[in-house]
Amino acid sequence: MRSIWLGLLATRRIWYALAMNPNIAVNLAKVQAQIESSCHTAGRSAGSVQLLAVSKTWGPEAVRQAHAAGQLAFGENYIQEAVDKITALQDLALQWHCIGPIQSNKTRLVAAHFDWVHSIDRLKTAQRLSEQRPSHLQPLQVCIQVNVDGGPTKAGVTPADLPALAQELSRLPGLKWRGLMTIPEPSDSPLVMRAVHAKAKALFEGLRQQGFDLDTLSMGMSADLDAAIAEGSTMVRVGTAIFGQR
Ligand SMILES: *Cc1c(COP(=O)(O)O)cnc(C)c1O
């Protein structure tokens, strides 16, 4: 009997459960429920939208807690911070998504450590990532970031430049092009937000009709989750509502 208890206590998972910030598990459940409810309202199946937990600025322990609550996919913006975290969490089977801007001198790190990149907006970056992707790994899964609403501060290609980048990107052997990502300018008007999401969805469907094999539309954050899901998002990126204020 005693050895059973000792064995149990030696299990790492028990210690994480004891040390766990209950908020992360509760918050994750709340966000999942919101996604399900939005899917229901939109007449979509609950499994059609994936949750990406944005863990930027949070340490490895917060990610461990989210993993213990069942979350597998994590988004990061700052490359060096992310690589340190990915290295510290190598004992877990996690999927890492780069969602921030990538400088040329960081492409090698991204190619070696991430599973996905959502923020491709230049052919140069895509070419470097493709060349630098280690051959023992599967191709890097990527999205093109589109600046749908012409917001001044954001990265992303314009809709006009999208077709040319799409052609080039789809030929790069180290990458698997999965779809589009967009970050709409925040607006108080749900109608304005929906219009931007709808435009992203139209661009996405247009590319599919041209024959590109795409399945991912990465749009929707804490503030515009419902609108994004209503317009066809397949992956929402949520940080604050899971981990708290940064
Ligand atoms: C930080 C970030 C998010 C998450 O934003 P929250 O407001 O914390 O939910 C989503 N997408 C991108 C690209 C981000 O940089």
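Within any chain, residue numbers begin from 1 and follow the written order of that chain's sequence. A pLDDT threshold of at least 70 governs which residues receive local features in this predicted model, and a stricter bar of 80 or more applies before side-chain atom pairs are shown or counted, although totals over entire chains, interfaces and linings include all residues. Hydrogens and water molecules were not included; the side-chain quantities draw on all heavy atoms of the structure.

**Q** Before we go on, may I ask you to explain the overall build of the chain in this structure?
**A** Labels follow the DSSP assignment, with helices taken as runs of H or I lasting at least four residues and strands as runs of E lasting at least two, numbered in each case from the N terminus. In terms of helices and strands, the chain carries eleven helices and eight strands. Throughout, radius of gyration means the C-alpha value; the globule benchmark is 2.2 Å times the number of residues raised to the power 0.38. For the chain, whose C-alpha radius of gyration is 19 Å, the value lies close to the compact-globule estimate of 18 Å for 246 residues. Referenced to the eigenvectors of the C-alpha coordinate spread, the extents of the chain come out at roughly 70 × 45 × 30 Å. A simple rule labels every residue: compare its accessible area, found with a 1.4 Å probe on the protein chains alone, to the largest value its type can have, and call it buried under 20%, exposed over 50%, or partly exposed in between. With 246 residues in all, the chain has 45% of them scored as buried. Long-range pairs, those at least 24 residues apart, make up 58% of the contacts in the chain between residues at least 6 apart in sequence. Here the chain displays about 12,200 Å² of accessible surface, and carbon together with sulfur accounts for 55% of that area. We score Asp and Glu as negative and Lys and Arg as positive, and we do not count His or the chain ends. To locate a charge, take atom NZ for lysine, CZ for arginine, CG for aspartate or CD for glutamate. Charged side chains in the chain number 24 positive and 20 negative. The centres of these two groups are separated by 5 Å. Contacts: residue pairs with any heavy atoms within 4.5 Å of one another. Computed by Shrake-Rupley with a 1.4 Å probe, the accessible areas treat only the displayed protein chains as cover when residues are assessed.

**Q** How do you make sense of the site of the ligand when you look at a structure like this?
**A** Close to the ligand lie Val 54, Lys 56, Asn 77, Ile 99, Ile 183, Met 221, Ser 222, Arg 237, Val 238, Gly 239, Thr 240 and Arg 246, which account for all nearby residues. At 2.7 Å, a side-chain N or O of Lys 56 approaches an oxygen atom of the ligand. Separating an oxygen atom of the ligand from a side-chain N or O atom of Ser 222 is a distance of 2.7 Å. In isolation the ligand exposes 390 Å². Once the protein is present, 88% of that is buried. Of the residues belonging to the shell around the ligand, the class tally is five nonpolar, four polar and three charged. Near is defined per residue: the residue qualifies when any heavy atom it owns lies within 4 Å of the molecule or strand. Any pair of N or O atoms that falls within 3.5 Å is considered a polar contact. Within protein, one atom must be able to donate a hydrogen and the other to accept it, and sequence-neighbouring residues count only if both atoms are side-chain atoms. Charged means Asp, Glu, Lys or Arg here, nonpolar means Ala, Val, Leu, Ile, Met, Phe, Trp, Tyr, Cys or Pro, and polar covers whatever is left, Gly included.

**Q** What exactly am I supposed to notice about the packing of aromatic side chains here?
**A** The relation between two aromatic rings is expressed through the spacing of the ring centres and the mutual angle of the planes. Put simply, two rings from Phe, Tyr or Trp (the six-membered ring, in Trp's case) pair if the centres are within 6.5 Å, and we call them stacked under 30 degrees between planes, edge-to-face over 60, tilted for the rest. As enumerated under the stated definition, the model contains three aromatic pairs in all. Centroid distance Phe 74 to Trp 96: 5.7 Å. Interplanar angle 35 degrees. Geometry classified as tilted. Placement of the pair is Phe 74 in strand S2 (residues 73-76) and Trp 96 in strand S3 (residues 95-98), with a sequence separation of 22 residues. Of the two residues, Phe 74 and Trp 96, both sit in the buried class.

**Q** Could you clarify how one ought to interpret the pattern of salt bridges in this entry?
**A** Side chains bearing opposite charge may pair, as long as their charged atoms lie close to each other. Whenever Lys or Arg places a side-chain nitrogen within 4 Å of a carboxyl oxygen from Asp or Glu, that contact is recorded as a salt bridge. For the coordinates displayed, the defined rule picks out nine salt bridges. Put simply, Glu 61 and Arg 64 hold a salt bridge, and the shortest N to O gap is 3.8 Å. Of this pair, Glu 61 and Arg 64 both sit in helix H4 (residues 60-68), three residues apart, roughly one helical turn. The exposure class of Glu 61 is partly exposed, given its relative accessible area of 41%. Members of the salt-bridge network, linked through shared partners, are Glu 61, Arg 64 and Asp 91.

**Q** What am I meant to see in helix H7 (residues 123-132) here?
**A** Turn by turn, an α-helix covers 3.6 residues, leaving residues three or four places apart pointing in a common direction. Of all the residues in H7, the buried ones are Thr 125, Ala 126, Leu 129, Ser 130 and Gln 132. Buried positions along H7 lie against helix H6 (107-113), strand S4 (116-120), strand S5 (140-145), helix H8 (162-169) and strand S6 (175-181).

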